[in-house]
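Examining the three-dimensional arrangement
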Amino acid sequence: MREKRIIAKNIGFIIGTLIATITFFIGVFFVMSENMESRKQTLELETSNNVNHYNLVLHTIFHNILVIETYVNTVGIDNITQESFDDFVEFINFEGEDFVSFSIAPSGIIEFYYSKDFGEGLIGYDLVNDEREYVRTAVEYAIDNKVIVVNGPFELIQGDKGLVFRKPLFDEDEFVGLINFVVDYDLLAESFNSNDAKTIYTSIYDENKGIVFGDAEYTDNIHYYEKIDLEYVNWSIGIQISSEFDRSEILKSAYLGSGFTLLYLLIMYLWSNYYFKTRALLSYQNTLIKYDNLTSLPNRRLLNEETNQLIEDGVPFYLGFGDLDNFKNINDVLGHTIGDQYLSFVAKQFDKLVENNLRIYRWGGDEFIFVFITEERDSIIAKLDNIFDIFKTPFDINGSKHQISISVGVVHYPNDGANLDELIKHADIVMYDIKAQYKNTYSFFEEKYLVELYQKIEFQQKLDDYQISDFEVFLQPIIDVKTNEVKGFEGLSRLFDKDGKLIPTFAVIKRYEQDGKITNLDKHVFHQICKYLNHINKECEKEYFLTFNISPLSLNNDYIEYLRRTVNSYKINPKLIIIEVIETLGFKDIRISIELLNKIKDIGFKIAMDDFGMGYSSLSYLAKLPFDIIKIDKSFVQTYESDAFNKTILRTIQEISETLNLETLVEGIETQKQLDFVLDLGTNYYQGYLHSKPQRFDEIMKIIRKEEAKK
Ligand code: C2E
Ligand code: MG
Ligand code: MG
């Protein structure tokens, strides 16, 4: 699935890139072809314009020369007089803006001269023997080859630059004279490069003489040349694209090209930016979804995905469900921030163990899941040992050392469960079994756990055979630690089966809670407590208090009302009754809890916080909730010797309780040593097998009588 998505994403990227690339090339092609096309068109237009113009201008010039030649031939070169010349000039109307002057030079010496602007400045010049070499050689060339030559451009005596067309005249092959026709070079040049004078140069090229007009050399760079049909000359017209034109054209293309390249790069950049950002965002979201915030370990979601994949692929694996032992205490005593640091630290250590066939996930809270993708038990045991090695050395958190352990239940797929739910359920059973016994170890799932599970189910069915009235209420003495006097008793439910065997109380209570029958039981117990108290009060001078347990599910207005009515009907001083509450999720809404507990206190009852240090209880509740007594869970006193941390917790609880004026009671005192410790701790009361187990009321009465006798 994931791969498909990645492929789809990549295809998206490739298509995007392709579109951008095609756009780029189309753009470049379009600009280039447009550019080339327009360049070609400009050139062709310029060329034909220029050729036409040349033809026109040159024809005009040659036409004028022809007119002069006709005049010379008609009059006879030797017969021309100043008078006839003046008549001719007057008669003729020379065409062409660029016309400057013309002269007639019989035998090469200028005798007749006509200029638009000036007088006869050049009369007498011997062109055949002119001191200026370029004049001389041109004239020689014209005579030798019987062609019109062009001289110039050069500075004219009238000023400006001129171009001189010289036509030799012959009489039966004998040179008789020259006609010189002068045009304004600049005017001519200007008129040739009408459109784009800067970029196109035009030249007239003579096959023999080379360039006769214009600046461009006759080279391969001449893009176009065309023969000009003239009588005497063998000329071509060439049009060259100047290097300036080339450069600017190229620059234009380059600008456009780079513009498109930039556009292309921009598109690519924006596209890839968008693409990679989206991808990065997606993968970040993926990470957020599939990885735990606190520890960065993969979470349930990824566990589900990956194990389901293994199951789908038929890959057998082992799954370990691990729960840190007594982690709650860290949170309670050191606070949640330290607790979180602790979890991150543990996770970091776990992360180091992760490899191809060992994956580690955070299931939630202090629970972790290990997936071993192997069938070799030895290898799993080695890996489990590595996990437990992490916990061998105390963790250093904010400078103080903490020893903690983990319990892990291990199951096998497919032997111990067909899907993840079943596997976790079974691993959980194993893990809880370990916790109930020794903690700090691991165990593999066995049939016996299933048997236990089925027994539980059977047990539930069995419970249905009993009614509330079948329950007895046993009492367990509560003793003053300092004086060793019995001060009160805790009422505990007892249910015996048909054979007189005790059905485990805790299991019954849990079942009743699940079935919603617990409040009825709690009412029944309270009735018994009231009865017992009346009895004790009648018989004894000394006042004893009785405590009893209510389920968090019973902590509601109805039940409190019931307590009030009942205590009134028995006419009992509610001060002698202590109601034990335990923390569960019920305290989550602390406002409601405070309200309900205050109602109980208003009636006159006292309240004890039971099993403190277990489950969800927190030190912060001690200050917030209206407790009179704190009952410290038996697990503490039973482990303080082996667990130094628990000892610290006990001291902390005691200190806080003293500060808050609360009395303390330690449960589960079984040995004198434990009692000594509790004495040293400064606890007010204790309860435990050392003094007495919970017993039937008549047995308790014996104890009371003994106590009475002590006085
Ligand atoms: P709890 O209120 O903390 O009661 C103390 C438990 O510790 C009792 O277990 C008692 O028999 C046991 N105990 C006392 N001294 C020692 C000792 O020295 N060593 C050991 N190992 N255990 C000792 P029990 O009677 O099995 O009750 C279990 C829990 O069930 C109680 O814990 C209480 O939370 C709940 N419970 C009992 N009766 C009722 C009831 O009528 N209503 C409700 N809602 N809960 C009840
Ligand atoms: Mg209790
Ligand atoms: Mg308790």
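Quick notes on the rules
Residues numbered from 1 in each chain as written. Chains lettered and ligands numbered in written order. Predicted model: local features only at pLDDT ≥ 70, side-chain atom pairs only at ≥ 80, totals over all residues. Heavy atoms only, no water. Helix = DSSP H or I, 4+ residues; strand = E, 2+ residues; numbered from the N terminus. Buried < 20%, exposed > 50% of the residue type's maximum accessible area, 1.4 Å probe, protein only. Contact = heavy atoms within 4.5 Å. Areas by Shrake-Rupley, 256 points an atom, 1.4 Å probe, with all protein chains shown as cover. Pairing = 2+ DSSP bridges. Patch = residues over 30% accessible without salt bridge, like charges linked within 9 Å, V, L, I, M, F, W, Y side chains within 5 Å. Salt bridge = Lys/Arg side-chain N within 4 Å of Asp/Glu carboxyl O. Donors = N, O, S within 2.8 Å, 3.2 Å for Na, K, Ca; no water. Near = heavy atom within 4 Å. Polar contact = N/O pair within 3.5 Å; in protein donor to acceptor, adjacent residues only side chain to side chain. Nonpolar A, V, L, I, M, F, W, Y, C, P; charged D, E, K, R; others polar. Core = buried A, V, L, I, M, F, W, Y, C linked by side-chain atoms within 4.5 Å. Arc of directions from axis to C-beta.

With that settled, the discussion passes to the overall build of the protein chain. Helices and strands together make up the secondary structure of the protein chain, namely 20 helices and 25 strands. Put simply, the protein chain has 711 residues, and 47% of those count as buried. For the protein chain, the share of sequence-separated contacts (at least 6 apart) that also reach a separation of at least 24 residues comes to 63%. Approximately 36,800 Å² of the protein chain is accessible, and the part contributed by carbon and sulfur atoms is 52%.

Turning to the pairing of strand 2 (residues 112–115), a few remarks are in order. Where strand 1 (residues 99–106) meets strand 2, 4 bridges bridge the pair, whose relative direction is antiparallel. Bridge assignment links phenylalanine 102 to a residue of strand 2, and that residue is tyrosine 114. Taken together, strand 1 and the strand that follows it, strand 2, pair antiparallel across an intervening segment of 5 residues, in which serine 107 is found at a positive phi of about 50°.

Once that is clear, we can look at a nonpolar patch on the surface. On the surface, a nonpolar cluster with roughly 470 Å² of combined accessible area is contributed by Leu263, Leu266, Ile267, Tyr269 and Leu270. Counting through the fold element by element, isoleucine 267 comes out in helix 5 (residues 243–290). The partly exposed category is assigned to isoleucine 267, whose relative accessible area is 33%.

Looking now at the coordination of the magnesium ion (ligand 3). For the magnesium ion (ligand 3), every protein donor is listed as Asp610 (OD), Asp611 (OD), Glu667 (OE) and Glu667 (OE), and the spread of their distances is 1.9 to 2.5 Å. One chain supplies every donor to the magnesium ion (ligand 3), and in sequence these donors are spaced D-D-x55-E. The distance between the magnesium ion (ligand 3) and the magnesium ion (ligand 2) is 3.9 Å, with aspartate 610 acting as a donor to both metals. A residue is classified by how much of its surface remains accessible, and aspartate 611, at 26% relative accessible area, is partly exposed.

As a further point, take the site of ligand 1. In the vicinity of ligand 1 lie 25 residues, with Ser493, Arg494, Asp610, Glu670 and Tyr689 positioned nearest. Between an oxygen atom of ligand 1 and a side-chain N or O atom of serine 493, the distance comes to 2.5 Å. Glutamate 670 places a side-chain nitrogen or oxygen 2.5 Å from a nitrogen atom of ligand 1. Taking 790 Å² as the accessible area of ligand 1 by itself, protein coverage stands at 88%. For the shell around ligand 1, the element with the highest residue contribution is strand 18 (residues 486–496), accounting for 4 residues. Each residue belonging to the shell around ligand 1 can be placed in one class, and the counts come to 8 nonpolar, 8 polar and 9 charged.

Moving on, we get to unusual backbone geometry. Here the bond from tyrosine 413 into proline 414 is cis, since omega is 10°, no more than 30 degrees from zero. Within the fold, proline 414 resides in the loop between strand 15 (405–413) and helix 10 (420–437). The residue glutamate 172 is not glycine, and still its phi comes out positive at about 50°. For glutamate 172, the position within the fold is in the loop between strand 4 (161–171) and strand 5 (174–184). A relative accessible area of 76% means that glutamate 172 is categorised as exposed.

Grouped together as the largest cluster of nonpolar side chains are 103 residues, with contacts concentrated most on Phe350, Phe370, Phe391, Phe526, Phe548, Ile577 and Phe627. The element best represented in this core is helix 13 (residues 518–539), accounting for 9 residues. Contacts of phenylalanine 526, omitting those with residues within four sequence positions, involve Phe548, Tyr559, Tyr562, Leu563, Thr566, Val567, Ile577 and Phe605. Among the nonpolar cores identified, the runner-up in size contains 32 residues, and Ile61, Phe62, Val72 and Ile148 belong to it.

Let us now look at the coordination of the magnesium ion (ligand 2). Six octahedral donors around a metal ideally make angles of 90 or 180 degrees; four tetrahedral donors ideally make 109.5 degrees. For the magnesium ion (ligand 2), the full set of protein donor atoms is Glu490 (OE), Asn549 (OD1), Glu580 (OE) and Asp610 (OD), and the range of their distances to it is 2.0 to 2.2 Å. On the primary sequence, the residues serving as donors to the magnesium ion (ligand 2) are separated as E-x58-N-x30-E-x29-D.

Now for helix 2 (residues 82–91). Of the positions making up helix 2, those classed as buried are Ser84, Phe85, Phe88 and Val89. Each buried residue of helix 2 sits inside an arc of 135° when the element is viewed along its axis, so together they form one side. Within helix 2, the exposed residues directed more than 90 degrees away from the buried face are Glu83, Asp87, Glu90 and Phe91.

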